[in-house]
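Each chain, letter by letter, is given below.
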Amino acid sequence: MTSTNLQGLLASLTQRGLLIELGTLAACLGLAWTVTWLLGRRRSGAQSVWLGEQVVDGVLFPVLALAGVFAARWGLQVGGVLPRPVLLQLAVPVLASLLIIRLGVRVMQVAFPRSQLVRVVERTLSWLVWIGLVLWLTGVLPLLLREMDEIHWKVGGGDVSLRSLVEGALSSVVVMVLALWLSAAIETRLLSGTAEPGFGGNLSLRKIAANATRALLLLVGLLLALSAAGIPLGALSVFGGALGVGIGFGLQKLASNYVSGFVILAERSLRIGDVVKVDNFEGRITDINTRFTVVRALNGRESIVPNELLITQRVENLSLSDPRVVLSSVVQVSYGTDLDALMPRLVEVVRAVPRVLADPGPGVQLSSFAADGLELTVSYWIGDPENGFGGVRSDVNRALLRELQRLHIDIPFPQRVVQVQAAPGAEAAAQLMHPGAPAPSSASASPQPQAPQGIPSRG
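Note that the coordinates shown come from a computational prediction; the quantities given were computed from them, not determined experimentally.

Attention shifts here to the pattern of salt bridges. Per the counting criterion, the structure on display carries eight salt bridges. Salt-bridge contacts for Arg271 lead to Asp274; the nearest nitrogen and oxygen are separated by 3.4 Å. Overall, the relative accessible area of 5% leaves Asp274 in the buried class. Arg296 serves as the salt-bridge partner of Glu302, at 3.3 Å between the closest nitrogen and oxygen. Under the relative-accessibility criterion, Glu302 is labelled partly exposed at 46%. A relative accessible area of 39% places Arg296 in the partly exposed class. The network of salt bridges with common partners includes Arg345, Glu403 and Arg406.

Here's what the structure looks like:
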């Protein structure tokens, strides 16, 4: 559509035809909005390329609107109502541009949900698409393409023009968007647990399948885009050699992290959900990417651990073969306490605490004859270490304290008797200052522990 054709279309637009086309266009947009809104009410909370977050920011709305405009224009032409629907013909490229923008933006948001560059890509894509639409409507785009076709170079023995490079870049964008869309759909299906039974039981296997699928689709999309641009694939041999040299010298760590990520996911030594301790940081693995692993501590801090570190250094995994972890609490009771009656009571009290496992059950051992009392170690197992240890340990300690108080059993505390020995010459000085006063007694300066009740103290 050149500028002359555009002027002719606008000149042929009558007042009656304008009203009919405005009503038809409003009906198409209203019907597309209604269908999208009804479908959006039934969707789940996950992000969707078709529906988006609102009613009109997905791909479905411009698709339905564009289909409705095509059908309405065909109906008006066949029915003889308007032989030349100008407004509907102008609405087609506008809706097509909106469809391209929505498709690119929504795919980028689904494929890279945490990236801050999505807003920049959205603005850049919007400007490029709308500028291209204006150039096409005004007739400048064909002239610009002819001038770009006159500029060409020799690449790998072939002739490549500036126009072919631009068209190849656009084709690359389209192919990459479709590849990302397909990989995001496959990844969502794999990670949602609705995939095949072989993958549904292990999140790590599904994660490695999703990462491999995305890498394969992006590679195929890149090769197709280069072919569409007219660049011979044989020219990639030079680039491949340069990439190999770069990996050998400067990208060793990056390549090692990527390989280590696939090794970790494949051998299942670390899985999403495991509680690990690596490099003095303890937490739960929340995600395993191709380059790094995210470990989240109980206080909310997250550690980005390179995958190579998880392969080459010692990692403590609290839930590799068995998620159950044993914890212990230490308490003292006074000498003379009937341990045969007390220890079964403490076991039953600890067994009733939430999160404490019944199998293996808790146990109480006489661990030490301390200076102030009998030291008892209470051991118990939990099956959810990812929820932390502080809460369950506090609940166990409180239950032990309540039971000891109910049985009127005291927890002994250190008691010391301190005797002060007079300094040399203090007796004579005291007699001179206070005649007739009793002389200070002499005793050992070292503190002696007071024996608990029921045991005679040693003289």
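We now examine the packing of helix 5 (residues 118–138) against helix 6 (residues 140–149). Following both chains from N to C, one finds helix 5 and helix 6 inclined at 100°, their axes separated by 5 Å at the closest point. Judged by the inter-axis angle, helix 5 sits roughly perpendicular to helix 6. In this structure, helix 5 contributes Gly132, Leu135, Trp136 and Thr138 to the contact, and helix 6 contributes Val140, Leu141 and Leu144. A class-by-class count of the residues in the contact of helix 5 with helix 6 yields five nonpolar, two polar and no charged.

Bringing the pairing of strand 6 (residues 302–306) into the picture now. In summary, the side chains of a regular strand alternate between the two faces of the sheet. Of the two faces of strand 6, only one is covered, namely that formed by Ser303 and Val305; the face formed by Glu302, Ile304 and Pro306 stays uncovered. Here strand 5 (residues 292–296) pairs with strand 6 via five bridges, running antiparallel. What sits directly across from Val295, in strand 6, is Ser303. Two successive antiparallel strands, strand 5 and strand 6, enclose a turn made up of five residues, where Gly300 displays a positive phi of approximately 95°.

Our next topic: the sheet that holds strand 4 (residues 281–288). The five strands lie next to each other as 6-5-4-3-7, forming an open sheet whose pairing is antiparallel. Single-partner strands in this sheet number two, and they are strand 6 and strand 7 (316–317). Where strand 3 (residues 275–278) lies against strand 7, two bridges are found, and the strand directions are antiparallel. Considered in strand 7, the bridge of Lys277 is made with Glu316.

The pairing of strands in a sheet happens through backbone hydrogen bonds and is either parallel or antiparallel. Strand order in the open sheet formed by three strands is 8-10-9, and the pairing between neighbours is antiparallel. With partners counted over all chains shown, the strands left at the sheet margins are strand 8 (325–333) and strand 9 (363–369), one partner each. On average, each strand axis in the sheet is inclined to that of its neighbour by 25°, with strand direction left out of account. Of the strand pairs in this sheet, strand 9 and strand 10 (residues 374–382) are connected by six bridges, and their pairing is antiparallel. Bridge assignment links Gln365 to a residue of strand 10, and that residue is Thr377.

Time to look at the nonpolar core. Within the largest apolar cluster, 24 residues are counted, with the highest numbers of intra-cluster contacts made by Val333, Leu342, Leu376 and Tyr380. Looking at this core, the elements with two or more residues in it are strand 8, helix 13 (339–351), strand 10 and helix 14 (390–406). Element by element, the count of residues in this core is highest for helix 13, at six residues. Setting aside its immediate chain neighbours within four residues, Leu376 contacts Ser329, Val330, Val331, Val333, Leu339, Leu342, Leu346, Val364, Gln365, Leu366 and Ser367. Core analysis: the second largest hydrophobic core is formed by 14 residues, Leu25, Leu66, Leu88 and Val92 among them.

Parameters at a glance
Residues numbered from 1 in each chain as written. Predicted model: local features only at pLDDT ≥ 70, side-chain atom pairs only at ≥ 80, totals over all residues. Heavy atoms only, no water. Salt bridge = Lys/Arg side-chain N within 4 Å of Asp/Glu carboxyl O. Buried < 20%, exposed > 50% of the residue type's maximum accessible area, 1.4 Å probe, protein only. Axes fitted to C-alpha atoms, helices over the stretch in contact; angles between N-to-C directions. Helix = DSSP H or I, 4+ residues; strand = E, 2+ residues; numbered from the N terminus. Parallel < 35°, antiparallel > 145°, perpendicular 65-115°, else oblique. Contact = heavy atoms within 4.5 Å. Nonpolar A, V, L, I, M, F, W, Y, C, P; charged D, E, K, R; others polar. Pairing = 2+ DSSP bridges. Core = buried A, V, L, I, M, F, W, Y, C linked by side-chain atoms within 4.5 Å.

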